[in-house]
Amino acid sequence: MNLRRLPLTREISLAVLVYLYVPVVVLIVYSFNANRTATVWSETSLDWYRKILVNPSIRDATWNSLVLATAAGIGATLLALAAALGMKSGFRGKGAVEAVLNAPLILPEVVVAVATLMLFVAIGIDMGLAAMIPAHIAFCIPFAYLPIKARLQGMNPSLEEAAQDLYANRFVTFRRVTLPLLWPGIMAGFTLAFVTSLDDFLTSFFLSGPGSTTLPVYIFSAIRAGITPEINAISTIMLIVSVALVVTSFLLGKMRR
Amino acid sequence: MSATSPFRRAGLVGPALLVVLVLIGVPLGIMAWVSLLGRGATIGVDWTSAPSFANYTKLVWEEDFDGTLLFNPTYLSILWRSVWQAAATTAICVGLGLPVALWMSSLSRGARDMAVLLITIPFWTNLLVRNYAWLIILREDGLVSQTANAIWPFGPVQLLYNDAAILIGLVYSFLPFMILPIYAGFEKFDWRLLEAAYDLGANRRRALTRVIVPLAMPGIIAGSMLVFIPSLGSFVTAAILGGGKSMMMGNLIQLQFGQSRNWPFGAAISVVLLALMMLVLMGIALWKTRQEAKR
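Residues numbered from 1 in each chain as written. Chains lettered and ligands numbered in written order. Predicted model: local features only at pLDDT ≥ 70, side-chain atom pairs only at ≥ 80, totals over all residues. Heavy atoms only, no water.

Draft legend 1. Inspection of the interface of chain B and chain A at higher detail. Residue-level contacts link 82 residues of chain B with 86 residues of chain A. For the chain B and chain A pair, buried surface summed over both sides reaches about 7700 Å², with 78% attributable to carbon and sulfur atoms. Remark: the boundary between chain B and chain A carries 0 salt bridges. Across the chain B-chain A interface, the total number found is 8 residue pairs in polar contact (both at pLDDT 80 or more). Sorting elements by how many residues they give to the side of chain B that touches chain A places helix α1 (residues 6-34) of chain B first, with 19 residues. A breakdown of the residues in the side of chain B that touches chain A according to their chemical character gives 64 nonpolar, 10 polar and 8 charged. (Contact = heavy atoms within 4.5 Å. Buried area = accessible area lost by both parts, 1.4 Å probe. Salt bridge = Lys/Arg side-chain N within 4 Å of Asp/Glu carboxyl O. Polar contact = N/O pair within 3.5 Å; in protein donor to acceptor, adjacent residues only side chain to side chain. Helix = DSSP H or I, 4+ residues; strand = E, 2+ residues; numbered from the N terminus. Nonpolar A, V, L, I, M, F, W, Y, C, P; charged D, E, K, R; others polar.)

Draft legend 2. Highlighting the environment of L105(A). All names here are of chain A. Structurally, L105 can be placed in helix α4 (residues 94-106). A residue is classified by how much of its surface remains accessible, and L105, at 40% relative accessible area, is partly exposed. Note: C-alpha distance between L105 and F143 (38 residues apart in sequence) is 8.3 Å. Contact partners of L105, with chain neighbours within four places excluded, come to P142, F143 and L146. (Buried < 20%, exposed > 50% of the residue type's maximum accessible area, 1.4 Å probe, protein only.)

Draft legend 3. Spotlight on the pattern of salt bridges. Scanning the entire structure with this criterion turns up 7 salt bridges over all chains. Residue K88(A) pairs with E160(A) through a salt bridge whose shortest N-O separation is 3.2 Å. Of this pair, K88(A) sits in the loop between α3 (56-86) and α4 while E160(A) is found in helix α7 (residues 157-165), placing the two residues 72 residues apart along the sequence. Here K149(A) makes a salt bridge to E98(A), at a shortest N to O gap of 3.0 Å. In this pair, K149(A) is assigned in helix α6 (residues 129-153) and E98(A) in helix α4, connecting sequence segments 51 residues apart. Among the residues examined, K149(A) registers a relative accessible area of 22% and is labelled partly exposed. For E98(A), a relative accessible area of 18% translates into the label buried. When salt bridges with common partners are traced through the structure, they connect R109(B), R112(B), D113(B) and E187(B) into a single cluster.

This is how it looks when you write it as structure tokens:
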């Protein structure tokens with residue numbers, strides 16, 4: 001007998017897995033339904049995928065999302081990398097600095113989003129990508145910071161010391177030793193920041209202007225207008241992209257140290 | 001490598017810190033200030049109005065024509081719903097998360113990693129998409145509704161746009177946040193201690209209450225924080241599955257910045273939401289220090 005198996009744990013766990021996956025499966029299955037109303041199953045078709053590929057608003061929204069996620073991902077990763085290197089050794093107030101950097105993880109996003117909206121209105125910045133990019137960078141920082149920090153902590157400091165003993169200066173040590181060793185952590189951090197920005201709805205919802213609608217904002221207004229297989233098809237594509245990116249990030253993080 | 005000098009450190013940490021402070025700290029400060037102001041004619045706030053607590057009293061009392069204050073439960077009921085929905089979500093997540101974490105820890109090494117991945121994959125799909133999937137399942141002409149109506153003899157069953165639908169969506173959104181911390185606690189545990197408990201004559205119930213639950217407690221507390229706080233501040237679930245009828249604080253805030261164009265009132269609700277969150281965090285910190293003191 002496995003002592004940890006109390007009665008029902010197995011049954012509850014399987015039920016939870018069903019609960020987690022049924023909505024995903026239903027979503028994907030209905031994206032292949034030919035019927036417009038999405039309620040009656042008529043026949044299997046790829047029509048909705050064809051339709052979203054030629055829909056100009058979806059194309060523009062996808063482009064905006066990608067531009068935003070790339071800019072936010074790169075910005076947040078660079079800032080987080082510098083911060084992680086600076087936080088390597090202990091100093092007074094380290095805990096407080098860490099808490100500030102990680103604050104976006106616990107603050108309710110709706111509050112931060114409306115607060116940022118007020119700041120931008122107060123200083124006269126127009127809504128649009130120019131407002132969204134800095135806001136996204138700010139809340140993506142912890143997502144990039146945590147994997148880089150984890151990688152840095154697992155790194156053997158004697159490798160850097162050895163490089164310096166062999167007369168490498170600081171820059172060469174960083175370029176030839178630290179950076180290559182940190183690389184999987186940096187890529188994992190970038191991927192997480194990228195996905196977080198790509199999936200973000202609330203901040204973009206409040207800060208987007210005319211012409212800067214992102215895919216999640218488009219999906220939200222489409223859901224408000226009614227259920228269509230078109231939304232299922234976009235959702236399915238987004239689901240596949242997010243899962244692929246996260247699995248990549250997971251594997252990068254696991255890369256041998 | 002030589003210890004980082006304070007200057008170098010400031011140069012490295014400074015930019016990230018500055019970005020977070022300017023783009024998150026400063027806006028929160030502005031918000032606290034705006035919550036004391038009056039609404040404006042064009043942009044939602046009148047920057048020149050005299051500060052007062054009117055937006056906070058509005059949450060409880062409504063001013064009548066002649067200036068007398070009348071109790072108005074509209075906003076309090078939304079606040080109350082947010083709190084109990086978040087609490088119920090947390091409780092359900094504990095109830096489901098504990099057995100799942102226990103089951104995961106009883107698997108073989110490879111199967112455990114697989115289980116962690118299985119639990120996390122749905123969580124990484126877009127929040128909107130996850131809630132939309134429940135909209136499809138629960139909708140009026142959907143399979144579940146039709147089945148429910150066929151079985152249930154007393155009038156039509158409405159599965160969507162109510163508190164139960166929001167609860168299902170919230171649990172679905174945040175369940176992995178509960179499972180993973182509890183599982184992390186179990187993974188490090190030396191399970192021979194449980195064997196010892198059984199050898200010493202403990203029955204299953206005692207093993208559960210004396211060994212497993214205390215062991216899971218730090219994970220349950222961490223998980224509760226990770227589930228309660230985002231549930232309390234959630235917007236998407238109630239917007240999609242509550243259909244405008246069942247609102248939560250997040251939706252009320254959005255409404256003030258959207259249709260109602262009353263930014264100061266929205267800012268006041270935001271401040272209340274942050275205060276509620278701080279209370280929870282402080283409660284947890286207090287619990288932790290007490291636990292430390294016990295040892």
